[in-house]
Amino acid sequence: MGTTVSSVSTAFGSRVSIEQVEEGSDLAPRFDASGLLTVVTTDAESGDVMMVGVMNAEALARTIATREAHYWSRSRQCLWRKGATSGLVQHVLEMRIDDDQDAIWLRVHTAGTGANCHVGYRSCFYRRVDLTAEEGIPSSSAALLFCETHKIFDPAVVYGDAPNPTRL
Ligand SMILES: [Zn+2]
C-alpha cells in the first residue's frame, strides 16, 4: 500500500513579501538554518497531539505528493517515511501551515493499531509533568505521570534490533 514516488521536486515558492507570506495563497515555507520546519501531528479524529517532528524540503514534498507523512530524522540524519518499518503509516487528511510558514500541522489517520510512538504508545505525549505537587518545588524533583496506561505494541517485536532513535 502507498504511493511510491521515486523523485520529487523540492522547489517551493520564493518569499517576496510579508503580505505574500502571511496573506497570500503561495506555499513559500521558511526552512531554518538546518533546512528544517517544525511539524505538529494530531489525530484527525480525536484532535490529540500524536508527535512533534521536523521536515526538510524533501520530506515536505514527499508528504504532499503521497499524502503520507514523511519526516527528517535528526538522530539518524535521514529521510523517514513514517510507518516504513512498523506499518503505522500516517495518512494525511489535512496539512496546514502557520502564519510565517515555518511550522506545519498535519491532521492524520494512522494505519493499523493507531499507535504513533516508537516506544509503543498511541501518542508520543504519553506522560505529563505532575503539576499537582506543591508550587515552588525545584524542577529537579518534578515527576512524570503516565497518561497512557499500556503500550499498544511491543517495540522489540516491531523493530527488532533496529537502533532506537532516542538520543541521550
Ligand atoms: Zn514517540
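Residues numbered from 1 in each chain as written. Predicted model: local features only at pLDDT ≥ 70, side-chain atom pairs only at ≥ 80, totals over all residues. Heavy atoms only, no water.

Asks: Teacher, can you tell me more about the UniProt feature "domain: Phosphoribosyl-AMP cyclohydrolase" (unreviewed entry) in the protein here?
Replies: Residues annotated in UniProt with the feature "domain: Phosphoribosyl-AMP cyclohydrolase" (unreviewed entry) correspond here to residues 51–126. Annotated as 13% helix and 38% strand, the span residues 51–126 places its first and last C-alpha atoms 10 Å apart. (UniProt positions renumbered as here; feature names shortened; annotations may be inferred. Helix = DSSP H or I, 4+ residues; strand = E, 2+ residues; numbered from the N terminus.)

Asks: Which parts of the structure should I look at to understand the state of the cysteines?
Replies: Cysteine pairs can be linked by a disulfide, which is a covalent bond between their two sulfur atoms. On inspection of all chains with the given rule, the structure shows zero disulfides. Free cysteine: Cys78, not disulfide-bonded; nearest cysteine sulfur from Cys124 at 16 Å. Classification of Cys78 by relative accessible area gives partly exposed; the value is 28%. (Disulfide = S-S within 2.5 Å. Buried < 20%, exposed > 50% of the residue type's maximum accessible area, 1.4 Å probe, protein only.)

Asks: Got a minute to help me understand the pattern of salt bridges in this structure?
Replies: Opposite charge on two side chains permits pairing when their charged atoms draw close. The final tally for this structure, using the stated rule, is seven salt bridges. Residues Arg30 and Asp100 are paired through a salt bridge, measuring 3.9 Å at the closest nitrogen-oxygen approach. Here Asp100 lies in the loop between strand S5 (90–97) and strand S6 (103–110) and Arg30 lies in the loop between helix H1 (18–23) and strand S1 (37–43), a separation of 70 residues in the sequence. In this structure Arg30 comes out as partly exposed when scored by relative accessible area, which is 41%. Between Arg81 and Glu68 there is a salt bridge, with its nearest N and O atoms 3.1 Å apart. One end of the pair, Arg81, is in strand S4 (residues 78–81); the other, Glu68, is in the loop between helix H2 (57–66) and strand S3 (70–73), and 13 residues separate them in sequence. (Salt bridge = Lys/Arg side-chain N within 4 Å of Asp/Glu carboxyl O.)

Asks: Is there a simple way to explain the nonpolar core in this structure?
Replies: Among the nonpolar cores identified, the biggest contains 13 residues, and Val39, Met55, Tyr71, Ile104 and Leu106 are the most heavily contacted of them. Listing elements by their share of this core, those giving two or more residues are S1, strand S2 (49–55), H2 and S6. Each residue touching Leu106, except ones within four places of it in the same chain, is listed here: Val39, Val40, Thr41, Thr42, Met55, Thr63, Ala69, Tyr71, Val92, Glu94 and Met95. (Core = buried A, V, L, I, M, F, W, Y, C linked by side-chain atoms within 4.5 Å. Contact = heavy atoms within 4.5 Å.)

Asks: Before we go on, may I ask you to explain the sheet that holds S6 in this structure?
Replies: Whenever strands of a sheet pair, they do so through backbone hydrogen bonds, lying parallel or antiparallel. An order of S2-S1-S6-S5 is seen for the four strands of this open sheet, with the pairing classed as mixed. Each edge of the sheet is formed by a strand with only one pairing partner; in this case those strands are S2 and S5. On average, each strand axis in the sheet is tilted by 25° relative to the strand beside it, whichever way the strands run. Direction of pairing for S1 relative to S2: antiparallel, over a ladder of six bridges. Counted as the bridge partner of Thr41 is Met51 from S2. (Pairing = 2+ DSSP bridges. Axes fitted to C-alpha atoms, helices over the stretch in contact; angles between N-to-C directions.)

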